[in-house]
Each structure stands twice: as C-alpha cells, then as structure tokens.
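A closer look at the structure
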Amino acid sequence: MLNSKKPILLVEDDRIDAMSVKRSLQELKIVNDLIIRNNGEEALKYLLDSENEIPCIILLDLNMPKMNGIDFLRERIKYDNLKLIPTVVLTTSREEQDRVNSFSLGVSGFMIKPVDYKQFVDVIKTIDLYWSLSELP
C-alpha cells in the first residue's frame, strides 16, 4: 500500500515530528512522495485541488493551529472522494475523547507518537504492514 505510486499526506505542524516521519519512511525504503501540510485547512485545500493526486493514506496530527485534526476529519467526511482515504491519527494526545471522536469520524487507526526515534520507525513500520495486508474496497 505505502509503496504504491500515490503520495502520502502528512498533516503535521511540528517540524521535528515531520522530519521523523520522513526519516522513518526513508529508513523503511518507502518511496512514496511525502506531501506535508501544517494544519487541517492546508490539507483540505490540497485534497480539494483537482490538480493534486489523491494520497494513498493520510497521517494526521490532532493538535494543530487554524484547523485541528478533529475539525479536519469533520470536514473530510463531507466529501465522498475524501472520506474513503485511509487516515491514521498520529498524535501525542492520550485523551479518550480524541480517540472516540477520531474513530466516530472514520479514521482507520489511532497511534500515539513515540518520543524515541526507533519507536517512531516501528510505528511507521506497523502502519505500512497493516496497509500492505489490508484488503481495501
């Protein structure tokens, strides 16, 4: 899945976390283009631009300025072509309500961002493995 030709959309405002995702993908030899947007508003604008290719997966932080991850998910489900894009929340939030809200808004997974880089690679590897094995419609 992640080694398809489609890009990966990372919605993340923290430059260090974005760099960790990028390095993890490189270490795992996942060659998809990585499109980074700093908040939900920018991500939605990217997704609604017909010039842009629809990503194979969205990796979404929740705590961002302008439009946070939950608000992005609320907007995303309004569009039939966007609500089917597999979306995994990758966040520092351990709030049960964030998890409940995320799943009720159609996310495919919810993962806590590790602080340790090696664990970060393991999280990305897990996401890749899951999507490699999943049978999508």
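See the structure shown above.
This text gives an overview of the structure that appears in the document.

Procedures and definitions
- Residues numbered from 1 in each chain as written.
- Predicted model: local features only at pLDDT ≥ 70, side-chain atom pairs only at ≥ 80, totals over all residues.
- Heavy atoms only, no water.
- Helix = DSSP H or I, 4+ residues; strand = E, 2+ residues; numbered from the N terminus.
- Polar contact = N/O pair within 3.5 Å; in protein donor to acceptor, adjacent residues only side chain to side chain.
- Contact = heavy atoms within 4.5 Å.
- Buried < 20%, exposed > 50% of the residue type's maximum accessible area, 1.4 Å probe, protein only.
- Pairing = 2+ DSSP bridges.
- Right-handed = clockwise from strand over helix to strand, strands pointing away.

Mapped onto the secondary structure, S102 falls in helix α5 (residues 96–104). At a separation of 2.7 Å, a polar atom in the side chain of S102 contacts the main-chain carbonyl oxygen of D98. In contact with S102, other than residues within four places in its own chain, are L62, I70, L73, V89, V107 and F110.

What follows covers the pairing of strand β4 (residues 87–91). Across a regular strand the side chains alternate sides, sitting on one face of the sheet and then on the other. Counting buried residues along β4, five of its five residues qualify, which places the element largely inside the surrounding structure. Alternating residues of β4 divide into T87, V89 and T91 and V88 and L90, and every residue in both groups is buried. In this sheet, β4 lies alongside strand β3 (residues 57–60) in parallel orientation, the contact comprising three bridges. Residue pairing in the sheet places L60 in a bridge with V89 of β4. Relative to strand β5 (residues 109–112), β4 is paired through four bridges, and the arrangement is parallel. Each bridged residue has a counterpart across the sheet, and for V88 the counterpart in β5 is G109. Considered for its hand, the β-α-β crossover made up of β4, α5 and β5 is right-handed.

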